[in-house]
Amino acid sequence: MFIRPAEADDEKLLWAMLYEASYAHENGMDSPDQLRDVPTLAHYVEGWGAAGDLGVVGGFDGVPLGAAWLRLFDAEDPAYGYVDADTPELAIGVAPESRGTGLGTALMSALLDAASEKYDAVSLSVRQENPALRLYQRLGFVEVAGSAKANPAGTTSVTMVLRFH
Ligand SMILES: CC(C)(COP(=O)(O)OP(=O)(O)OC[C@H]1O[C@@H](n2cnc3c(N)ncnc32)[C@H](O)[C@@H]1OP(=O)(O)O)[C@@H](O)C(=O)NCCC(=O)NCCS
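- The name given to the protein chain in an unreviewed UniProt entry is GNAT family N-acetyltransferase, and the organism recorded there is Nocardia tengchongensis.

1. Overview of the site of the ligand
Inference 1: The ligand sits among 23 residues. The nearest are Gly102, Thr105, Pro131, Arg134 and Arg138.
Inference 2: Contact between the ligand and Arg134: an oxygen atom at 2.6 Å from a side-chain N or O atom of the residue.
Inference 3: One of the side-chain nitrogen or oxygen atoms of Arg138 is found 2.6 Å away from an oxygen atom of the ligand.
Inference 4: Judged by the proximity of its atoms to the pocket grid, the ligand belongs to the largest pocket.
Inference 5: By residue class, the composition of the shell around the ligand is 10 nonpolar, 9 polar and 4 charged.

2. Regarding the pattern of salt bridges
Inference 1: The full count for this structure, using the stated rule, is 5 salt bridges.
Inference 2: The salt bridge partner of Arg99 is Glu20, with a shortest N-O separation of 2.8 Å. Residue Arg99 is located in the loop between strand 4 (89-94) and helix 3 (103-116), and its partner Glu20 is located in helix 1 (residues 11-21); the two are separated by 79 residues in the primary sequence.
Inference 3: Taking relative accessible area as the criterion, Glu20 reaches 21% and is therefore assigned partly exposed.
Inference 4: Among the ionic pairs, Glu26 bridges to Arg127, the shortest N-O distance being 3.4 Å. On the criterion of sequence distance, the pair formed by Glu26 in the loop between helix 1 and helix 2 (39-42) and Arg127 in strand 5 (residues 121-127) is long-range, its members being 101 residues apart.

3. Structural notes on the packing of aromatic side chains
Inference 1: If you walk through the whole model with that rule in mind, you get 2 aromatic pairs.
Inference 2: Between Tyr44 and Phe73, the aromatic rings sit 5.4 Å apart at their centres with planes inclined by 65°, giving edge-to-face as the arrangement. Taken together, the residues Tyr44 in the loop between helix 2 and strand 2 (54-60) and Phe73 in the loop between strand 3 (63-71) and strand 4 connect sequence positions 29 residues apart.
Inference 3: Directly above the aromatic system of Tyr23 lies the positively charged group of Arg127, at a separation of 4.8 Å from the ring centroid.

What counts, and where the lines are drawn
Residues numbered from 1 in each chain as written. Predicted model: local features only at pLDDT ≥ 70, side-chain atom pairs only at ≥ 80, totals over all residues. Heavy atoms only, no water. Near = heavy atom within 4 Å. Polar contact = N/O pair within 3.5 Å; in protein donor to acceptor, adjacent residues only side chain to side chain. 1 Å grid on protein atoms, 1.4 Å probe; cavity = no way out; pocket = protein on both sides within 12 Å on 5 of 7 lines; lining within 4 Å. Sits in = over half its atoms within 2 Å of the grid points. Nonpolar A, V, L, I, M, F, W, Y, C, P; charged D, E, K, R; others polar. Salt bridge = Lys/Arg side-chain N within 4 Å of Asp/Glu carboxyl O. Helix = DSSP H or I, 4+ residues; strand = E, 2+ residues; numbered from the N terminus. Buried < 20%, exposed > 50% of the residue type's maximum accessible area, 1.4 Å probe, protein only. Phe/Tyr/Trp six-rings, centres within 6.5 Å; stacked < 30°, edge-to-face > 60°. Lys NZ or Arg CZ within 6 Å of the ring centre and 35° of its normal.

Here is the structure:
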């Protein structure tokens, strides 16, 4: 397994992993390219490499199979797990055939290590029934009280925050 920092030219991989993270297939999208036309999802990746962006890429045998990344949003264009303009929001996706291999945990650990040197806290949005919620709890994320809201897929998502300081 390898984990390395995400570079500006990893944007294509991040679109592919956003496709996984957002359950785009379930929502009727056939390719990551379609995400570019959905502003509430596209803003997680569009223009990757902006100030404040931080990410890691990982995989096996030199092949990238997952990514975790975060970026800052603001109140005028908040993402699903928006808390405030100083708290970046994290997204993570691992290719379906590589899930359950420990890659997601390794990506989270590496990204959170890097984030703790730059930010006071990190947020994310997750569906209540997503098994990833347990992973986030294990890493110290706690649910923001009152954050449960219906998402476009008709399920409920919650915002979680991990405070470093
Ligand atoms: C969530 C995800 C990034 C974790 O990556 P992973 O490589 O499977 O992670 P690990 O092998 O380190 O396992 C960690 C946790 O991931 C979840 N997980 C494991 N295999 C999974 C699978 N096939 N499908 C969904 N979640 C899985 C579990 O919660 C697991 O913890 P647990 O064993 O205590 O239940 C990955 O499963 C994924 O891309 N899922 C679909 C997209 C998604 O849900 N993204 C997060 C949106 S908030």
